Amino acid sequence: MEFVSPEGLRLDGRRPMEMRQIRAEIGAVSRADGSAVFEMGNTKVIAAVYGPREVQNRSQQINDQALVRCEYSMANFSTGDRMRKPKGDRRSTEISLVIRQTMEACILTHLMPRSQIDIFVQVLQADGGTRSACINAATLALADAGIPMCDLVTSCSAGYLNSTALLDLNYVEDSAGGPDVTVGILPKSEKVTLLQMDAKLPMDTFENVMQLAIEGCKAVATYIREVLLENTKQLEYRRGV
Amino acid sequence: MREKEELVMVTPGEVLGKASELKAGRGAYVATHNNTVYASLTGRRSLNPPPSDSPDKVPPPSDSPDKRPTVEVTGHKAHGAVPVPGSIVIARVAKVMARMASADIMCVGSKSVREKFSGIIRHQDIRATEIDKVDMHSSFRPGDIVRASILSLGDARAYYLSTAKNELGVVSAESTAGATMVPISWTEMQCPLTGQIEQRKVAKV
């Protein structure tokens, strides 16, 4: 099947290096300490952060840093067919672990000993790139909760189909069977906190694809910073500062 | 004291300055690998010059650490108050036992807390005088609101509180009849409905 037309257009009309449209909203869950909704094209994800708060399970308490817990789940209605078991299956457990490790790398946990930070991410609509959208939503929610971080973590995926490197795969391109590289970086220092790939790629092609994904991450980071600054300004106007 | 109010808003990861010129305060951190101060919160950046407490005769050397101003980032979300040793708290007595009373800390200073903290008032910390003759039940009853000060972080379960000062002790209590009692002396409170006098360690308001 042809994923990139001879004119260089993908199935949804994008160019190979074009990301889908991103949109973010902060403060969607008023009860949570921090929350955000993040959309990448048709993929829509909501994240809620609770913390730092007292550790609920005393045996898991760490004396010199905060405990970070993450739970990823997909809503039953998020995919085409209604899902039977939205969380607890292997894929959800793996993605929960991946998001937890990625966020733990950037949270300054040593400032909050003996406490717990909970990150809950739920996919409302899945159209490829849910992992990346979840990490971006979690970053926004953590920043909204005022949890100290060393840098924002942004994530983007890229693939390689029809001998072309494609940025930000959607579901159809993802299920084509080609390689799918997900990268998560700290944009200011360009340090990689997450790098995952399924399928195989020759080394030089992999470098191109990974570099493309990193550029996508930086674009997401610019957008996230704008959203955070705008949100803070709005809050200040409302407070009358 | 702020010399200039900065209107710069920063997000986590943004560079605030070099560690040789600035000290990292709240909301900022120093990355050791390149000695730069970065922001860790979203908010306004503010510079606080250090207080000058030494006499002005000899200017301090230029690379003395006390001369650097502190840079802080104030976020918009206020975190709940956390008890700190030495602070005055308002707590509600939950249990009164033979040698201690357990209380739930509800306010630290003038701010209420997001989630309750557990505190313990030991029998030797209730009063300043005659601490071996203290009777727990004539000092506190369950449900009393007390003003106490934090002695220390305590053990894993609870903070250690103390009411051993004149202005610390029971602030508000309900009588057995259900009415809010009126304090008469530093050991007694009277119910306005029945006239019954009950014993408490009353705070001097």
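The name that an unreviewed UniProt entry assigns to chain B is Exosome complex component like, with the source organism given as Actinidia chinensis var. chinensis. Listed under Subcellular location (unreviewed entry) in UniProt, the entry text for chain B is "Nucleus, Nucleolus".

Naming follows an unreviewed UniProt entry, where chain A appears as Exosome complex component like of Actinidia chinensis var. chinensis. If you open the UniProt record of chain A and go to Sequence similarities (unreviewed entry), you find "Belongs to the RNase PH family."

*Asks:* Whenever I open this one, the UniProt feature "domain: Exoribonuclease phosphorolytic" (unreviewed entry) in chain A confuses me. Can you help?
*Replies:* All names here are of chain A. According to UniProt, the positions carrying the feature "domain: Exoribonuclease phosphorolytic" (unreviewed entry) are residues 18-148 and 151-216. Split by type, residues 18-148 is 24% helix and 33% strand. Its first and last C-alpha atoms lie 32 Å apart. Helix makes up 27% of residues 151-216 and strand 41%, with an end-to-end C-alpha separation of 17 Å.

*Asks:* For this particular structure, what's the right way to read the nonpolar core?
*Replies:* General note: in soluble globular proteins, nonpolar side chains tend to be found buried as a group. Formed by 66 residues in total, the largest nonpolar core has its most connected members in Phe38, Ile99, Met103, Ile107, Ile119, Leu140 and Leu142 of chain A. Sequence-distant contacts of Leu142 of chain A, defined by excluding residues within four places in its chain, comprise Val49, Met103, Ile107, Ile117, Ile119, Ile147 and Met149 of chain A. In this structure, Val96, Val134, Met136 and Ala173 of chain B belong to the second largest nonpolar core, which totals 28 residues.

*Asks:* Hey, could you run me through the layout of surface pockets in this one?
*Replies:* In this approach the atoms are scanned with a rolling probe the size of a water molecule, which exposes any empty space left behind. Quantified by volume, the largest pocket comes out at close to 1,400 Å³. Forming the walls of the largest pocket are 42 residues, and the residues nearest its centre are Pro52, Arg53 and Ser115 of chain A together with Val82 and Phe117 of chain B. Sort the elements by how many residues they give to the lining of the largest pocket and strand S3 (residues 43-54) of chain A lands first, with five residues. Class assignment for the residues of the lining of the largest pocket results in 18 nonpolar, twelve polar and twelve charged. Taken together, domain 1 (2-74) and domain 2 (88-171) of chain B each give at least three residues to the lining of the largest pocket, which thus spans both. Within this model, the second largest pocket holds a volume of roughly 480 Å³. Considering the residues around the second largest pocket, the lining is formed by 22 residues, among which Arg91, Thr130, Arg131, Asp174 and Asp180 of chain A are closest to the centre.

*Asks:* Looking at this structure, I do not really get the environment of Ser155 of chain A. What am I missing?
*Replies:* Residues and elements named next belong to chain A. Mapping Ser155 onto the fold places it in strand S6 (residues 154-161). On the basis of relative accessible area, Ser155 is assigned to the buried category, the value being 0%. Spatially, the C-alpha atoms of Ser155 and Lys218 are 8.6 Å apart, while their sequence positions differ by 63 residues. Other than its neighbours up to four places away in sequence, Ser155 contacts Met40, Ser132, Ile135, Asn136, Thr182, Val183, Gly184, Cys217 and Val220. At 3.1 Å, the side chain of Ser155 forms a polar contact with the backbone oxygen of Val183.

*Asks:* How should I be thinking about helix H2 (residues 130-144) of chain A in this particular structure?
*Replies:* In an α-helix, one turn spans 3.6 residues, which is why side chains three or four residues apart end up on the same side. Residue and element names in this part refer to chain A. With 15 residues, H2 should reach 21 Å at 1.5 Å per residue; the first-to-last C-alpha distance of 21 Å fits that figure. Of all 15 residues that make up H2, 15 are buried, and the element is covered over most of its length. Just downstream of H2 lies Gly146, where phi reads positive at about 75 degrees.

*Asks:* It is not clear to me how the pattern of salt bridges should be interpreted in this structure. Could you clarify?
*Replies:* A complete count under the given rule lists 23 salt bridges over all chains for this structure. Ionic pairing is found between Lys218 of chain A and Glu190 of chain A, a salt bridge with its closest N-O pair at 3.1 Å. Taken together, the residues Lys218 of chain A in helix H4 (residues 203-239) and Glu190 of chain A in the loop between strand S8 (180-186) and strand S9 (191-198) connect sequence positions 28 residues apart. The class for Glu190 of chain A is partly exposed, based on a relative accessible area of 45%. Between Asp155 of chain B and Arg157 of chain B there is a salt bridge, and its shortest N-O distance comes to 3.7 Å. The network of salt bridges with shared partners includes Arg10, Asp12, Arg14 and Glu173 of chain A.

*Asks:* Just checking my understanding: could you explain the interface of chain A and chain B for this structure?
*Replies:* Accessible area lost during the coming together of the parts is what is often quoted as the interface size. Contacts between the two partners involve 28 residues from chain A, matched on the other side by 22 residues from chain B. Carbon and sulfur atoms make up 53% of the surface buried where chain A meets chain B, a total of about 2,000 Å² over both sides. At the boundary of chain A and chain B, one finds one salt bridge. Across the salt bridge formed by Arg44 of chain B and Glu236 of chain A, the nearest N and O atoms sit 2.5 Å from each other.

*Asks:* Would you explain the sheet that holds strand S6 (residues 43-48) of chain B in this entry?
*Replies:* Pairing between sheet strands relies on hydrogen bonds along the backbone, with the strands arranged either parallel or antiparallel. One open sheet accounts for four strands, arranged S1-S6-S7-S3 (chain B); its pairing is mixed. The outermost strands of the open sheet, each flanked by one partner alone, are strand S1 (9-10) and strand S3 (23-24) of chain B.

*Asks:* So what exactly am I meant to see when it comes to the UniProt feature "domain: Exosome complex component CSL4 C-terminal" (unreviewed entry) in chain B here?
*Replies:* Feature annotation in UniProt places "domain: Exosome complex component CSL4 C-terminal" (unreviewed entry) on residues 111-153 of chain B, given in this structure's numbering. The span residues 111-153 of chain B is 0% helix and 47% strand, and its two end C-alpha atoms sit 19 Å from each other.

*Asks:* Even after reading the chapter, I still don't get the side chain of Thr139 of chain A, so can you show me in this structure?
*Replies:* Residue and element names in this part refer to chain A. For Thr139, the position within the fold is in helix H2. Using a relative accessible area of 0% as the deciding quantity, one classes Thr139 as buried. Within the structure, Thr139 has its side chain in polar contact with the backbone oxygen of Val153 (distance 2.6 Å). Not counting residues up to four positions away in its chain, the partners in contact with Thr139 are Met103, Met149, Leu152 and Val153.

*Asks:* Help me understand the packing of aromatic side chains in this model?
*Replies:* Aromatic rings considered in pairs are described by the distance between their centres and by the relative angle of their planes. Residue and element names in this part refer to chain A. For the structure shown, the criterion picks out three aromatic pairs over all chains. When the centroid spacing of 5.9 Å and the interplanar angle of 70 degrees are considered together, the rings of Tyr50 and Phe120 count as edge-to-face. With Tyr50 in strand S3 and Phe120 in strand S5 (residues 115-125), this residue pair connects regions lying 70 residues apart in the sequence. For Phe120, a relative accessible area of 30% translates into the label partly exposed.

Reading guide: rules and limits
- All chains use their own residue numbering, which begins from 1 and follows the written sequence.
- All chains are assigned letters beginning with A, and all ligands numbers beginning with 1, in the order in which they are written.
- With pLDDT at 70 or above as the cut-off, local features in this predicted model cover only qualifying residues; side-chain atom pairs require 80 or more to be listed or tallied, and sums for whole chains, interfaces and linings still use all residues.
- To get the side-chain values, take all heavy atoms of the structure and skip hydrogens and water.
- UniProt positions are given in the numbering used here, feature names are shortened, and annotations may be inferred rather than shown by experiment.
- Only DSSP runs of H or I covering at least 4 residues are called helices, and only runs of E covering at least 2 are called strands; the numbering of each starts at the N terminus.
- In this text, buried Ala, Val, Leu, Ile, Met, Phe, Trp, Tyr and Cys residues form a nonpolar core when linked through side-chain atoms within 4.5 Å.
- Relative accessibility decides the category of a residue: with a 1.4 Å probe and only protein chains considered, values under 20% of the type maximum give buried, values over 50% give exposed, and everything between is partly exposed.
- A contact between two residues is defined here by any heavy atoms of the two lying within 4.5 Å.
- The distinction between a cavity and a pocket rests on a 1 Å grid over the protein atoms alone: a 1.4 Å probe fits inside a cavity but cannot get out, while a pocket stays open yet meets protein on both sides within 12 Å along at least five of seven lines, and a residue with an atom within 4 Å of a point counts as lining.
- Grid points are joined across faces, edges and corners, and a volume is the space filled by probe spheres set on the points.
- Note on residue classes: Ala, Val, Leu, Ile, Met, Phe, Trp, Tyr, Cys and Pro are nonpolar, Asp, Glu, Lys and Arg are charged, and everything else, Gly too, is polar.
- By convention here, the domain bounds are inherited from an automatic or database domain assignment.
- N or O atoms within 3.5 Å of each other form a polar contact, as long as, within protein, one can give a hydrogen and the other can take it, and as long as residues adjacent in sequence are counted only when both atoms are side-chain atoms.
- One less than the number of residues in a helix, times 1.5 Å, gives the span that helix is expected to have.
- Here a salt bridge means any side-chain nitrogen of Lys or Arg lying within 4 Å of a carboxyl oxygen belonging to Asp or Glu.
- Buried area is a sum: the accessible area each of two parts loses on coming together, probed at 1.4 Å, counted once for each and added.
- Each pair of strands is called paired provided DSSP finds at least two bridges between the two strands.
- Pairing of aromatic side chains here covers Phe, Tyr and the six-membered ring of Trp, requires ring centres within 6.5 Å, and sorts the geometry by plane angle: under 30 degrees stacked, over 60 edge-to-face, intermediate tilted.

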